[in-house]
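Working through the structure, step by step
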Amino acid sequence: MDQMEENEIELETVVLDDTADEILPPSTEKIATTNIEEANKVEKIVRFPVTRIKHLVKMDPDVNLCSQEALFLITKTTEFFVECLSKEAYSYTSQSKKKTVQKRDVEQAIDAVDALAFLEGVLDS
Amino acid sequence: MAEAVPEEELTIPRAAMNKMIKEIVPSVRVANEARELILNCCSEFIHLLASEANEICTQQQKKTINAEHILGALDRLGFNDYRTDAEAVLKDCKAVAAKRRRQSTRLENLGIPEEELLRQQQELFAKAREEQAAAEQQQWLQLQAEAQMSLQQQGDVPSNSEDGEYS
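I will try to describe carefully the structure that is included in this document. Computed from a predicted model, the values in this text were never measured in an experiment. (Residues numbered from 1 in each chain as written. Chains lettered and ligands numbered in written order. Predicted model: local features only at pLDDT ≥ 70, side-chain atom pairs only at ≥ 80, totals over all residues. Heavy atoms only, no water.)

**Quick word on the packing of helix H2 (residues 32-59) of chain B against helix H3 (residues 67-76) of chain B**
Each pair of packed helices can be described by the angle between their axes along with the distance between the axes. Residue and element names in this part refer to chain B. Two elements in contact, H2 and H3, have axes whose closest approach is 8 Å; the angle formed by their N-to-C orientations is 115°. When the axes of H2 and H3 are compared, the pair comes out roughly perpendicular. Where H2 crosses over H3, the two elements pack in a sense that is right-handed. When H2 is examined against H3, the residues Phe45, Leu49, Glu52, Ala53, Glu55, Ile56, Cys57 and Gln59 are found in contact with a partner set consisting of His69, Ile70, Gly72, Ala73, Leu74 and Arg76. Considering only residue class, the contact of H2 with H3 consists of eight nonpolar, three polar and three charged. (Axes fitted to C-alpha atoms, helices over the stretch in contact; angles between N-to-C directions. Helix = DSSP H or I, 4+ residues; strand = E, 2+ residues; numbered from the N terminus. Parallel < 35°, antiparallel > 145°, perpendicular 65-115°, else oblique. Left-handed = near helix turned anticlockwise from the far one by under 90°. Contact = heavy atoms within 4.5 Å. Nonpolar A, V, L, I, M, F, W, Y, C, P; charged D, E, K, R; others polar.)

Take a look at the structure:
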C-alpha cells in the first residue's frame, strides 16, 4: 500500500503559451534576447562565440551594459574584420608568390589600410 | 562552461578563428604567427569598437549600448564598409526573432477557442491518470502473484484463497 502512495502521479499543469505573455509585463528586449540566441542555434547568424566576445567587451571598466543585439553586431563585424584582414594579408602573399601567409603579410596589411592604424600597437616592431 | 582564461589572454577561440580563415582563403597555408597576430588584432578591434560605441552611448545619455551605437561607431572608426553588411545582419536578427515569435503564437491561430483547448487538456490528463492507475494496479497484482508463487515454492504456506483479497 505504501508503494502506491509513493508512486502517485504528479501531473504538471501546462499553461497554454500566450496567455502567460499577456499577463506578465511585456519585456520586448528580453524576448528578442532569447529569440536571437535560439535562432542563432538554428540558422547560424554568427560563428564566433558571443559569450567570449561579451567577456572581451566587459574587460573595459568604462563600458556600460551592452544589448544582445549589439553583441551580435560586434560579433558579426569582428568576423568581417577577420575576412578583410586575411584577404588583405593574402594579397601580399600572392604578390610575393609565396604559398603561406606569413606574419609579415599581415603586418603589411595593417600598414597599408588607414582604418587599421589602431592596430599598430599590436605589432612588435 | 567556466573559462579559466586570464583576462590578458582573452581572445576568440583559436579553433573558431582557424575555421574562419580556412573558409576565407581556402587551400592557402597560414603561418601560426600570422594566425596569432590576426587573433590579437581581433581582440583590439573588439575593444576599440566597444569603447567607441560606449562613448556614443554615453553621449546619448543611455545606459545600454545598442545596435545603433555599434553602427555609429563603425562609421566613426572608418569601417563604413562593414556598415551595410552589419545592417543586413541586424535585419536578419530581427527577422528571425520575429519569426520565432510568430511560431510560438501559432497556437492562437488554430481556430479552437481557449476554453475548448483547456477542456481537451483536462480530458487528456484524466485519461492519463486512469491509464497510470490501471498500469499500477497491474503491477501490484503482478507483484502479489510473484510473491505468492515464491511462498508456494518454499512449501511453507499452502495456497490460500484469502490471499487474493487485496484490493
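**Thoughts on the interface of chain B and chain A**
Of the residues lining the interface, 74 residues belong to chain B; the matching set on chain A comes to 70 residues. Here chain B and chain A share an interface that buries about 6700 Å² over both sides, 72% of which is from carbon and sulfur atoms. Among the residues of chain B in contact with chain A, Met20, Leu37 and Tyr82 of chain B are the three that bury the most area, contributing 9% of the side total. Residue glutamate 23 of chain B is joined to arginine 47 of chain A by a salt bridge in which the shortest nitrogen-to-oxygen separation is 2.6 Å. Applying the counting criterion to the chain B and chain A interface returns 10 residue pairs in polar contact (both at pLDDT 80 or more). Breaking the side of chain B that touches chain A down by element, the ones donating at least two residues are helix H1 (14-24), strand E1 (29-30), H2, strand E2 (64-65), H3, helix H4 (80-104) and helix H5 (114-154) of chain B. (Buried area = accessible area lost by both parts, 1.4 Å probe. Salt bridge = Lys/Arg side-chain N within 4 Å of Asp/Glu carboxyl O. Polar contact = N/O pair within 3.5 Å; in protein donor to acceptor, adjacent residues only side chain to side chain.)

Don't take any of this as a statement about function, it's just geometry.
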